[in-house]
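# Geometric and topological summary
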Protein chains: 2
Amino acid sequence: MMRKQGLSTLAIRMSGSMSGSYAEATTQRPQLVILGTGWGSYSVLRHIDKSMYDVVVVSPRNHFLFTPLLASTTVGTLEFRSVIEPVRDTIFRNAHHFHLAKAVSLDMANKIVKCQSTLSDNAYDISYDKLVIGVGAVANTFNIPGVEEHAIFLKEISDARKIRNRILANFEMALEPGIRTAEQKRLLSTVIVGGGPTGVEFGAELYDFVRQDVSRLYGEQAKQVNVTLIEASQILSMFDARLRKYAEKKIRERDRFNLLQAVVAEVRKDGVILKDGSEIPCGLVVWSTGIAQRKFTKALSVPKNKQEQILVDNYLRLTGDSTGDVYAIGDCSDIEGLHLPCTAQVAERQGRYLAGSLCKTPEKVSPFKFKNMGMLTYIGGYRALTDTPEAKLKGVMSWVLWRSAYLTRLGSWKLRLQVPMDWIKALFYGRDTSRFE
Amino acid sequence: MMRKQGLSTLAIRMSGSMSGSYAEATTQRPQLVILGTGWGSYSVLRHIDKSMYDVVVVSPRNHFLFTPLLASTTVGTLEFRSVIEPVRDTIFRNAHHFHLAKAVSLDMANKIVKCQSTLSDNAYDISYDKLVIGVGAVANTFNIPGVEEHAIFLKEISDARKIRNRILANFEMALEPGIRTAEQKRLLSTVIVGGGPTGVEFGAELYDFVRQDVSRLYGEQAKQVNVTLIEASQILSMFDARLRKYAEKKIRERDRFNLLQAVVAEVRKDGVILKDGSEIPCGLVVWSTGIAQRKFTKALSVPKNKQEQILVDNYLRLTGDSTGDVYAIGDCSDIEGLHLPCTAQVAERQGRYLAGSLCKTPEKVSPFKFKNMGMLTYIGGYRALTDTPEAKLKGVMSWVLWRSAYLTRLGSWKLRLQVPMDWIKALFYGRDTSRFE
């Protein structure tokens, strides 16, 4: 949303006033505590009626991340701040509170969340009248040795930043005088583990970067670039078979891009060991093989499913809670019997539904229903897949749809201005290869 | 420069070709080695006739930084990548080489630079026919205890990034429930040491950030914000007395902004100790008290001045070198008898002069002459100072001039598009307060 007060804010700014326009929350309204700032939680925050609740958001991340475009930031097609929204801006619009902290544990009897600052030693309690648990999930390592230490996940902006700096460092090192050929080859090899949308889209962005910028900027070394996508079963398994086959074919056609059906046994500093004992030397491993639950979720003593997701009813209330004041949404939760996929779409709908139902009298609230709007994924080379109940599309037109769809779904005009700007810059001037800590 | 081949590049990209357009340097031409990627060195790189030399650039930084706008990135008025140019783009235009490394030492007898990779253990020699030393300088700590450990300099993008993350962390911590008032006050206090243009401009940006965004986003805590600018003699000493007095007056008028004439004795983790024994508790110390020479420059056994700057003649050649093939420019050098100020302007002119004279026959080369174009500095609140031989301006019009002048001096159209975009975003949507590693 564009701040409608844009011009009046300008007027205030020019006048040099330092007085705050911040409305202190009154204690008249019930306190709604939201844990997390992902798709689900942010959606509650954006849509909640601010006159009904004092809203307190607790999250180790003070921004919302538009995850479908995260892969684009790993190579600089988009900049990091082009896909995030500072939560304080949203809080401001709702005149409420934010704390940069992790929820550590929950005392449901006394309605208290125990929090730990992510910046200091400060630990504190926050009491709630209503609680929304939307803490999300972490990457699943399947306890495979070396993953935590040597692989990079692709869940947060800091991950994307690590990947970008690693790629740029690898290219620079590969160009050092006197480097051995094997070491050069290793540095220019990337392994992606996991053939879901995240893995495929990172591969797609890497492909575009190599094709459009690397040969131009790094010369002969571009021919040594090698990317291997490892998937134990099949890539993009949730997509329509025809689209999936198309993606496989397109990826296989690419020079020095390999699709490998294999299982990873270990990740080392300088490569990946497969279950059959073979080794793939590489300079970067990106790990995206699905999700596992966070410590906080694991520690909760409430009914959960086999994947340790919190079980909720059709109203998104915890099944084990008699008060009816605790809700869970997104990747950390599972609607009993429904088992919806862990996607941004599901979380976002749940958040919006909850923002609505929290402001209605109980008898007016109807159960949550999910209508699948379909999936989009980018596969590189100006091609994407569109899989909706109505249509299955692939290719360049689908890519246009992919870009347009995400552009319109960005949460603010600031990003809707910046994202096309980034695309234009990448197209005409190439991606920025500056590396800094 | 806008890449003129924009559209044809697009055509190549769409065709999916991976073949490089990179021209390998021939060994026919003499090898010109440039150390550094700052104002001086980058200016040589941009203006050198590519048909005359094989150019090799060695620098621990693979981008050029537009330093006059660096302070703006500390609070998010501008984004980090809006004030830098990747050197590989420039190298590409000239079809030459870049190595991400530090020059360690110089063997002038054998015409060899010993280099150390900044990313790996790799050390290597690079031989030159002509050498340009433009390694710049580092911040001067005057051996005051604690500066290296606890203060942040403002010389590189990574410094600006550290400052931005520290400010945002301090604000978040100051809002933690149960925090003591003294600790809150400390976290919201910033000390700037050094009243030169860098210190003053950082203070200006901080002032704008506090006035325009902090009260809006952080509420009541904004009133605790406190900034102290410490200078031993007088601020902006190289500016015209009338402009300097105006800046002083404007800064002193500001609520909770203090100008302090004092000498720092020590910097601690939680504050600054002055020579008179008094203490200023603070959450951030930014140190900008002038320059000192780099290890490389210090280690060179060539004639230098008292400040350890390399002495050069009017043709920018090292005075102690009989071959006439080694040049030094910018902050690491001093033209004997002239003692020009260590500014971007001087370095840029020297670089451009050298790019020209390196391509002329010796008899056609005339000595370097510096014509001062004047100085600009931003003091916050939409006010700037303009000090040129022709005019002394101050206030809002000078601010308009400041913005316009720097916009036109940006090295590429990519930045000339992005910088106004950042200004517009900061104005209408506020500065981005997202914090990530």
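Residue positions are counted from 1 within each chain, in the order its sequence is given. To read the labels, note that chains go from A and ligands from 1, taken in the order they are written. Reporting of local features is limited, given that this is a predicted model, to residues whose pLDDT is at least 70; pairs of side-chain atoms are given and counted only at 80 or more, and all residues count toward the totals for whole chains, interfaces and linings. Each side-chain value is derived from all of the structure's non-hydrogen atoms; neither hydrogens nor water enter the calculation.

Heads up, the rule is: UniProt positions are given in the numbering used here, feature names are shortened, and annotations may be inferred rather than shown by experiment.
Here chain A is described in UniProt, under the heading Sequence similarities (unreviewed entry), as follows: "Belongs to the NADH dehydrogenase family."

## Focus on the overall build of chain A
Here is the rule we go by: Helical segments are the DSSP runs of H or I of at least four residues, strand segments are the runs of E of at least two, and each set is numbered from the N terminus. Throughout, the radius of gyration refers to the C-alpha atoms, and the reference size of a globule is 2.2 Å times the residue count to the power 0.38. Relative accessibility under 20% of the residue-type maximum defines a buried residue, over 50% an exposed one, and the middle range a partly exposed one, all with a 1.4 Å probe and only protein chains included. What makes two residues a contact is simply this: any of their non-hydrogen atoms within 4.5 Å. The method behind every accessible area is Shrake-Rupley, applied with a 1.4 Å probe, and residues are considered shielded solely by the protein chains displayed. For the purpose of counting charges, residues Lys and Arg are taken to be positive, whereas Asp and Glu are taken to be negative. His and the chain ends are not included. Charge positions are represented by NZ for Lys, CZ for Arg, CG for Asp and CD for Glu.
Along the backbone of chain A there are 13 helices and 24 strands. The C-alpha atoms of chain A give 23 Å as radius of gyration, which agrees with the globular expectation for 437 residues (22 Å, within 12%). Each principal axis of the C-alpha distribution contributes one length, and for chain A these read about 70 × 55 × 50 Å. Scored against the burial criterion, the 437 residues of chain A give a buried share of 57%. Here the analysis covers contacts within chain A between residues at least 6 apart in sequence; of these, 65% occur between residues at least 24 apart. Within the structure as shown, chain A displays about 17800 Å² of accessible surface, and the carbon and sulfur contribution to it stands at 53%. Charged side chains of chain A number 58 positive and 45 negative; the gap between the two group centres comes to 5 Å.

## Things to note about the pattern of salt bridges
Close approach of charged atoms allows side chains of opposite charge to pair. Put simply, the rule is: Salt bridge criterion: a side-chain nitrogen from Lys or Arg within 4 Å of a carboxyl oxygen from Asp or Glu.
For the structure on display, the rule yields 46 salt bridges over all chains. In this structure, the salt-bridge partner of R349 of chain A is E348 of chain A, at a minimum N-O distance of 3.8 Å. When its relative accessible area of 23% is taken as the criterion, R349 of chain A is described as partly exposed. We classify E348 of chain A as buried; its relative accessible area is 10%. Where K249 of chain B meets E253 of chain B, a salt bridge forms, and the shortest distance between an N and an O atom there is 3.2 Å. Linking K249 of chain B with E253 of chain B, this pair stays in helix α9 (residues 241–253), spanning four residues, or about one helical turn. Residues joined in a network through salt bridges with shared partners are E79, R164 and D432 of chain A together with R81 of chain B.

## Considerations on the environment of V200 of chain B
Residue and element names in this part refer to chain B. Along the chain, the position of V200 falls in helix α8 (residues 197–218). Measuring from C-alpha to C-alpha, the distance between V200 and S288 comes to 9.5 Å, with 88 residues separating the pair along the chain. Setting aside anything within four residues of it in sequence, one finds V200 in contact with G195, L229, I235, L236, I251, Y378 and I379.

## Description of the interface of chain A and chain B
Rules: Summed over both partners, the accessible surface that disappears when two parts come together, traced with a 1.4 Å probe, is what is meant by buried area. Two N or O atoms count as a polar contact when they lie within 3.5 Å, although within protein this holds only if one can serve as hydrogen donor and the other as acceptor, and sequence-adjacent residues are included solely when both atoms are side-chain atoms. Note on residue classes: Ala, Val, Leu, Ile, Met, Phe, Trp, Tyr, Cys and Pro are nonpolar, Asp, Glu, Lys and Arg are charged, and everything else, Gly too, is polar.
Tallying the contact residues gives 75 residues for chain A and 75 residues for chain B. Regarding the contact of chain A and chain B, the summed buried area is about 7800 Å², with carbon and sulfur atoms giving 58% of it. Applying the counting criterion to the chain A and chain B interface returns eight salt bridges. When the shortest N-O distance is used, the salt bridge between R88 of chain A and E172 of chain B registers 2.7 Å. Our count for the chain A to chain B interface comes out at 25 residue pairs in polar contact (both at pLDDT 80 or more). Looking at the side of chain A that touches chain B, the elements with two or more residues in it are α1 (6–15), β4 (84–86), α4 (87–94), β5 (97–107), α6 (157–174), α8 (197–218) and α13 (413–429) of chain A. Considering every element that reaches the side of chain A that touches chain B, the biggest residue donor is α13 of chain A, with eleven residues. Its residues placed into classes, the side of chain A that touches chain B shows 32 nonpolar, 21 polar and 22 charged.

## Digging into the environment of P341 of chain A
Residues and elements named next belong to chain A. When you line up the elements, P341 lands in the loop between β21 (333–335) and α11 (344–357). Residue P341 is classed as partly exposed on the basis of its relative accessible area, which comes to 47%. Separated by ten residues in the primary sequence, P341 and D331 place their C-alpha atoms 8.3 Å from one another.

## Thoughts on a nonpolar patch on the surface
Residue and element names in this part refer to chain A. Note the cut-off: Nonpolar side chains (Val, Leu, Ile, Met, Phe, Trp, Tyr) are joined into patches within 5 Å and like charges within 9 Å, using only residues with over 30% relative accessible area and no salt bridge.
A cluster of nonpolar side chains, namely V396, M397 and V400, defines an oily patch on the protein surface of about 270 Å² accessible area. Inspection of the secondary structure puts V400 in helix α12 (residues 396–409). On the basis of relative accessible area, V400 is assigned to the partly exposed category, the value being 36%.

## Looking at the sheet that holds strand β24 (residues 392–395) of chain A
Sheet strands line up and pair through hydrogen bonds in the backbone, either parallel or antiparallel. Residue and element names in this part refer to chain A. To keep it simple, the criterion reads: A pair of strands is treated as paired once DSSP finds two or more bridges between them. Helix axes are fitted to C-alpha atoms over the stretch in contact, other axes to C-alpha atoms as well, and angles between N-to-C directions run from 0 to 180 degrees.
Pairing is antiparallel in the open sheet, where three strands are placed in the order β22-β23-β24. In the strand order of this sheet, the two ends are held by β22 (375–380) and β24, each with one partner. Ignoring strand direction, the axes of neighbouring strands in this sheet form an average angle of 10 degrees. In this sheet, β24 lies alongside strand β23 (residues 383–387) in antiparallel orientation, the contact comprising four bridges. If you follow L385 over to β24, its bridge partner there is K394.

## Points about the packing of aromatic side chains
The condition that has to hold: The pairing test for Phe, Tyr and Trp rings, Trp by its six-membered ring, is centres within 6.5 Å, and the orientation test on the planes gives stacked under 30 degrees, edge-to-face over 60, and tilted for anything in between.
Within the structure shown, the criterion is met by 24 aromatic pairs over all chains. Plain terms: the ring middles of F66 of chain A and Y406 of chain A are 5.8 Å apart, the flat faces sit at 80 degrees to each other, and that makes the pair edge-to-face. Taken as a pair, F66 of chain A in the loop between β3 (63–65) and α3 (70–73) and Y406 of chain A in helix α12 lie far apart in primary sequence, 340 residues in all. Owing to a relative accessible area of 2%, F66 of chain A belongs among the buried residues under this scheme. With a centroid separation of 6.2 Å and an interplanar angle of 70 degrees, the aromatic rings of F80 of chain A and F436 of chain B are classed as edge-to-face. One end of the pair, F80 of chain A, is in the loop between α3 and β4; the other, F436 of chain B, is in the segment after α13 (413–429), on a second chain. Look at F80 of chain A and you get buried, because its relative accessible area is 8%.

## Re the relation of the copies chain A and chain B
Quick reminder of the rule: C-alpha atoms of residues with pLDDT of at least 70 in both copies form the basis for the least-squares superposition of the copies.
When chain A is brought onto chain B, the operation consists of a screw motion whose angular component is 180 degrees and whose axial shift is 0.0 Å, with 0.0 Å RMSD remaining. The superposition of one copy onto the other is thereby described by a two-fold rotation axis. Comparing interface residues between copies, 100% of those in chain A also lie at the interface in chain B; the contact surface is shared.

## Focus on the sheet that holds strand β2 (residues 54–59) of chain A
Residues and elements named next belong to chain A. The seven strands lie next to each other as β7-β6-β5-β2-β1-β8-β20, forming an open sheet whose pairing is mixed. Unpaired on one side and paired on the other, β7 (123–127) and β20 (326–328) mark the two borders of the sheet. With direction set aside, neighbouring strand axes in the sheet form an average angle of 35 degrees. In the sheet, strand β1 (residues 31–35) pairs with strand β8 (residues 130–133) via four bridges, with the strands oriented parallel. Opposite L32, over in β8, you have K130 as the bridge partner.

## A short note on the nonpolar core
Test applied: Note on terminology: a nonpolar core comprises buried Ala, Val, Leu, Ile, Met, Phe, Trp, Tyr and Cys residues joined through side-chain atoms within 4.5 Å.
Ranked by internal contacts, the top residues of the largest apolar core, which has 118 residues, are L35 and I133 of chain B. For this core, the element with the most residues is α8 of chain B, which contributes ten residues. Contacts of I133 of chain B, omitting those with residues within four sequence positions, involve L35, L106, F296, L300, I310, V326, Y327, A328, I329 and C332 of chain B. Of all hydrophobic cores here, the second largest spans 116 residues; its members include L78, F98, I235 and F239 of chain A.

## Digging into α12 of chain A
All names here are of chain A. The following threshold applies: To estimate the expected span of a helix, count its residues, drop one, and scale the result by 1.5 Å. Each direction from the helix axis to a C-beta atom contributes to the arc, which is the arc of those directions.
Taking 1.5 Å as the rise per residue, α12 with 14 residues should run 20 Å; its terminal C-alpha atoms sit 20 Å apart, in good agreement. All of the buried residues along α12 are S398, W399, W402 and Y406. Down the axis of α12, the smallest arc covering the buried residues is 105 degrees, so these residues share one side. Opposite the buried face of α12, by more than 90 degrees, sit the exposed residues M397 and T408. Tucked into the core, α12 has its buried residues touching α3, α8, β22, β23 and β24.

## Considering helix α6 (residues 157–174) of chain B
Taking 1.5 Å per residue, 18 residues should reach 26 Å; α6 of chain B reaches 26 Å between its end C-alpha atoms and fits that length. With 15 of 18 residues buried, α6 of chain B is to be regarded as a mostly interior element.

## Re the pairing of strand β17 (residues 284–287) of chain B
Side-chain direction in a regular strand flips from residue to residue, so the side chains alternate between the two faces of the sheet. Residues and elements named next belong to chain B. Burial along β17 is two-sided: the face carrying L284 and V286 and the face carrying V285 and W287 are both buried. Pairing of strand β10 (residues 152–153) with β17 involves two bridges; the strand directions are parallel. Bridge pairing links I152 to V286 in β17.

## With respect to the packing of α6 of chain A against α8 of chain A
Residue and element names in this part refer to chain A. Note the threshold: Throughout, a crossing is termed right-handed when the near helix is turned clockwise from the far one, and left-handed when it is turned anticlockwise from it by less than a right angle.
Where α6 contacts α8, the two axes come as close as 13 Å, and the packing angle between them is 35 degrees. In this structure, the crossing between α6 and α8 has a hand that is right-handed. Only F202, L206, F209, V214 and Y218 of α8 make contact with α6, whose side of the interface consists of I163, I167, L168, F171 and E172. A class-by-class count of the residues in the contact of α6 with α8 yields nine nonpolar, no polar and one charged.

## Some remarks on the environment of L32 of chain B
All names here are of chain B. Along the polypeptide, L32 turns up in strand β1 (residues 31–35). Note on L32: relative accessible area 0%, which makes it buried. Separated by 13 residues in the primary sequence, L32 and L45 have C-alpha atoms spaced 9.9 Å apart. In this structure, L32 is in contact with V44, I48, Y53, D54, V55, V56, K130, V132 and L358, ignoring residues within four places of it in sequence.

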